[in-house]
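Tertiary structure, described
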Amino acid sequence: MARTYRFTIGSAEAGLRLDHYLVRRLPSDMSRRMIQRGVKQGRVILRQRPAKPHDKLRAGDVITAMFPELRTQGGDTPLIPQEIPLRIVYEDDWLLVVNKPAGLVTHPAPGHWDGTLVNAILWHLQNAEGSRYKAQGKSHSLQPSALSLEQPLPRAGIVHRLDKDTSGLLLVAKTEQTHIALSRQLKARTIHRTYLALVEGHLPLDEGTVNVPIGRHLIHRKEMTVRHLGGRQAVTHYRVIKRLDSAQGSRLKAQGNDLQPSAFSLELLPFPYTLLEVTLDTGRTHQIRVHMAHLGHPVIGDTTYGNHPASYWVALGITRQLLHAAKLSFEHPVHRRTVQLSAAIPEEMARWVPS
């Protein structure tokens, strides 16, 4: 079912590109790509003719746009368990840690109501041996009995998130009280996450800190940006592991360690780049990607905050941003021991990383 939107352009909006204006005014569920596609399909009328995405607006212009409404999901719509393979790094009666592959959406959202990590976790909890627990009265303990699969935890107990095209470790609670305890640790910044990132160019310092606020982009509503006014504090620490140059050679062999596969062929990119270890004091949306781009060293393969389109990276065999949540450390909310985990760097990153 389609819905029609009508806008009248004021003097303050004159000069804006049509597609930029529509991204600001249409519902946030509509991405810029969806809007541009709709414009090209003739769904937007400007000055009594089908508009073009790059048309410049004038004061007094009237825009008529007709877009199909996105399917919405009500708050009472149950999430469906789906048999999606999971790589479980750690699991006990109270929590589990998964190694999320790149390309898997973490939470259901417009355009991705199923086929997500949440759906996969619900399937795992429903089918894995020893996961069928039911609540027994009003328990405030951290025991497995606090979990009822008939009433799963919000977002299947996922404590934090990763972008669709970022791989690595994610922490999941199985009980309500475990989720509360881990969420408190996350807020207190006692859950420690370490990322590996490949970024363009050579950073001049061996280590450093980026401390600039991040907020939602005023025009591109699905993007984040550095905002000194209206942004939230964001602190990123980085350490250079290796600077690489295309002149160093063509192929090398690497021996494995806890972050790398046992053996792979190393190829070098046709420009200087750097392998970084990154840790966060805060967990803002897209924080590492925004901060690295702010430094002038965007994450390789990042088509949102980087300088190259997807076609450029695909030609090099890169289909996603090369960012991986490699290590996770937290205090177990039941037995109080420190849990330290690591996930091997995936092959699509390992091919560019030396030992």
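Here's a quick rundown of the structure.

Reading the values: rules and limits
- Residues numbered from 1 in each chain as written.
- Predicted model: local features only at pLDDT ≥ 70, side-chain atom pairs only at ≥ 80, totals over all residues.
- Heavy atoms only, no water.
- Helix = DSSP H or I, 4+ residues; strand = E, 2+ residues; numbered from the N terminus.
- Buried < 20%, exposed > 50% of the residue type's maximum accessible area, 1.4 Å probe, protein only.
- Contact = heavy atoms within 4.5 Å.
- Polar contact = N/O pair within 3.5 Å; in protein donor to acceptor, adjacent residues only side chain to side chain.
- 1 Å grid on protein atoms, 1.4 Å probe; cavity = no way out; pocket = protein on both sides within 12 Å on 5 of 7 lines; lining within 4 Å.
- Points joined across faces, edges and corners; volume = space filled by probe spheres on them.

Turning our attention to the overall build of the protein. The helix and strand inventory of the protein stands at seven helices and 17 strands. Out of the 355 residues in the protein, the part that is buried amounts to 44%. Long-range pairs, those at least 24 residues apart, make up 67% of the contacts in the protein with a sequence separation of at least 6.

In this section: the side chain of D55. Along the chain, D55 turns up in the loop between β3 (49–50) and β4 (62–68). A polar atom in the side chain of D55 sits 2.9 Å from the backbone nitrogen of K52. Sequence-distant contacts of D55, that is, excluding residues within four places in its chain, are made with L16, R17, L18, L46 and R49.

Taken as a whole, the second largest pocket encloses approximately 830 Å³ of empty space. For the second largest pocket, the lining is made up of 34 residues, of which R193, T282, G283, R284 and Q287 are closest to its centre. Elements with a minimum of two residues in the lining of the second largest pocket: α4 (176–187), β8 (192–200), β10 (214–216), β15 (273–280) and α5 (287–294). In terms of residues, the lining of the second largest pocket owes the most to one element, β8, which gives four residues.

Let's shift gears to α5. Of all eight residues in α5, six are buried; the element is thus mostly enclosed. The set of residues buried in α5 consists of Q287, I288, R289, V290, H291 and M292.

Positive phi, close to 55°, is recorded for R47, a residue that is not glycine. As for its position among the elements, R47 is in the loop between β2 (44–46) and β3. Taking the relative accessible area as the measure of exposure, R47 reaches 27% and is therefore partly exposed. Unlike most non-glycine residues, H286 shows phi in positive territory, near 60°. Assignment of secondary structure puts H286 in the loop between β15 and α5.

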